[in-house]
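Each chain, letter by letter, is given below.
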Amino acid sequence: MEDFNAVVNMATRMLSRYFRGGWRDSMAAAVLRHCWSGLLQNSGNRAVATIRSKIFEGVRQKSTVQYISRPDHPKLAYQRVKGKSPGVVFLPGYGSNMSGEKAEALGEFCRSLGHAYLRFDYSGHGASEGVFSEGTIGTWKKDVLFMLDELAEGPQILVGSSMGGWLMLLAAIARPEKTKALVGISTAADHFVTAFKTLPIEVRKECEDKGVWTIPTKSNEEGMYTVSMDFLREAENHCILQSPIPITCPVRLIHGLKDEDVPWHISMQVAERVLSPDVDVILRRHGQHRMAEKDDIKLIVYTIDDLIDKLTTMV
C-alpha cells in the first residue's frame, strides 16, 4: 500500500506539472511513463481513478473571500486554500491586491499540488477595510504578521511582490520559525526611502514643503504614486539594507532588467546582505516591474515548485 501511494503521488505531481505546461526535461517524461505503466499493470483502473481524483480535487476547490476581525483595527480580506505543508503565502505590492495574475496563478498551482495557500489584502488595499493613505510600512508589516500568526498553519514559503518583497523580509526576520523559504519578485526593500534620498536636494525640499512626493509609474492606471513625507519618515524605521539581514532560510530573488519602478540592483543588495548560504538571484532580460507575463509567471511557479521539492526532501 505504501509503494502504491508513493507512486501515485509521484505520478500525480508530474501530471499536474504537465497540465501547467511544465515539462522541463525528457527525464520527467520518462519517469512519468514508467510510473503510469507500472500503475496500470499492477492496479489498473484503481490507479487511474486515484490520480484523477487527486489532480482535480484541488481544481474543484473554490476559495472565496473571507474577512478576519482584529480589535481596534480594520478587517482584512483574504482567500485561503487548506492543504499540505509547506504552505505558500502571497504578499502583493504597494496599492495592489490579492486578485492579480501572479496571485491567481499561484492559487491554481497550489491547488494542483494540494499545498496550502494564503493571500490577502493589506489594510486600505483591495477588499480590506481601512484607508490606504493612512497606511505605513509598519502598519502593513503588522498585517502580515497577524495573518501569519492567525491563519498560516505550519511552515510557509513567503512570496513577496515589490513592496511585498520588503514586507516578506521583515516578516521573515520577525517570524523565523514560521518562514522556511522566500521568493522575492521585483523586491523593493527600502526602496521608497533610498529613492527619495537620491533626488536632487531642491526636489526633496519642494516635496517636503508640499508634504508629498509624486512618483511616476507604469504600474497603475493613475500613472503615479503619491507618497507622504510622514510615510517616508515612518518607513525609515523599517529599512534593512544597511546591515546584515538575519535570515538563514533559502532565498530566491527574481527581478527584471527593464524594471522602471524598482532597480534590479536592489535584489542584488538583498542577496549580499542576507545571512543565508542558499541564495539565488534570477535576472530576466526583458522582465518589467510587474513580472506578470506568461513566462515570468511560469518562472515564479517553477521556482516555488523547486523550493517545495527541496523543503520536502529536507524533512
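Residues numbered from 1 in each chain as written. Predicted model: local features only at pLDDT ≥ 70, side-chain atom pairs only at ≥ 80, totals over all residues. Heavy atoms only, no water.

(A) Structural view of the pattern of salt bridges. Inspection of every chain in the model, using the stated rule, returns 14 salt bridges. Across the salt bridge formed by E108 and R111, the nearest N and O atoms sit 2.5 Å from each other. Within this pair, E108 and its partner R111 are both found in helix α4 (residues 101-113), separated by 3 residues, close to a single helical turn. Judged by relative accessible area, E108 falls into the partly exposed class, the value being 38%. Relative accessible area serves as the criterion here: at 6%, R111 is assigned to the buried category. Measuring nitrogen to oxygen at the nearest pair gives 3.1 Å for the salt bridge that ties R284 to D296. Within this pair, whereas R284 is found in strand β10 (residues 279-284), its partner D296 is found in helix α11 (residues 294-314), the two being separated by 12 residues in sequence. For R284, a relative accessible area of 24% translates into the label partly exposed. (Salt bridge = Lys/Arg side-chain N within 4 Å of Asp/Glu carboxyl O. Helix = DSSP H or I, 4+ residues; strand = E, 2+ residues; numbered from the N terminus. Buried < 20%, exposed > 50% of the residue type's maximum accessible area, 1.4 Å probe, protein only.)

(B) Main features of the sheet that holds strand β9 (residues 251-256). Strand order in this open sheet of 8 strands is β1-β2-β4-β3-β5-β6-β9-β10, and the pairing throughout is mixed. Here the strands that pair on one side only, and so sit at the sheet edges, are β1 (66-70) and β10. Ignoring strand direction, the axes of neighbouring strands in this sheet form an average angle of 20 degrees. Bridging between strand β3 (residues 84-91) and strand β5 (residues 156-161) involves 5 bridges; their strand directions are parallel. (Pairing = 2+ DSSP bridges. Axes fitted to C-alpha atoms, helices over the stretch in contact; angles between N-to-C directions.)

(C) View of helix α10 (residues 265-273). Within α10 the residues assigned to the buried category are I266, S267 and V270. For α10, the arc enclosing every buried residue in end-on projection is 100 degrees, short of the 170-degree limit, so these residues lie on one face. Among the structural elements, α6 (163-174), α7 (191-197), β9 and β10 are those in contact with the buried residues of α10. (Arc of directions from axis to C-beta. Contact = heavy atoms within 4.5 Å.)

(D) Region of interest: the side chain of T187. Relative to the elements of secondary structure, T187 occurs in the loop between β6 (179-185) and α7. Residue classification places T187 among the buried positions, given a relative accessible area of 0%. The residues contacting T187, other than those within four sequence positions of it, are S162, G165, W166, L169, L253, H255, V262, I266, S267 and V270.

(E) Inspection of the environment of S123 at higher detail. With respect to the helices and strands, S123 occurs in the loop between β4 (115-120) and α5 (137-150). S123 sits 47 residues away from L76 along the chain, and the two C-alpha atoms are 6.2 Å apart. Apart from residues lying up to four places away in sequence, S123 is in contact with R70, P74, L76, S128, E129, T139, W140 and D143.

(F) Layout of the layout of surface pockets. Its volume calculated, the largest pocket comes out at about 880 Å³. Around the largest pocket, the lining comprises 45 residues; the ones closest to its centre are Y94, S162, S219, Y225 and H289. When contributions to the lining of the largest pocket are tallied by element, the ones reaching two or more residues are α4, α7, β7 (212-216), β8 (224-228) and α10. Of the residues contributing to the lining of the largest pocket, the split by class is 19 nonpolar, 19 polar and 7 charged. (1 Å grid on protein atoms, 1.4 Å probe; cavity = no way out; pocket = protein on both sides within 12 Å on 5 of 7 lines; lining within 4 Å. Points joined across faces, edges and corners; volume = space filled by probe spheres on them. Nonpolar A, V, L, I, M, F, W, Y, C, P; charged D, E, K, R; others polar.)

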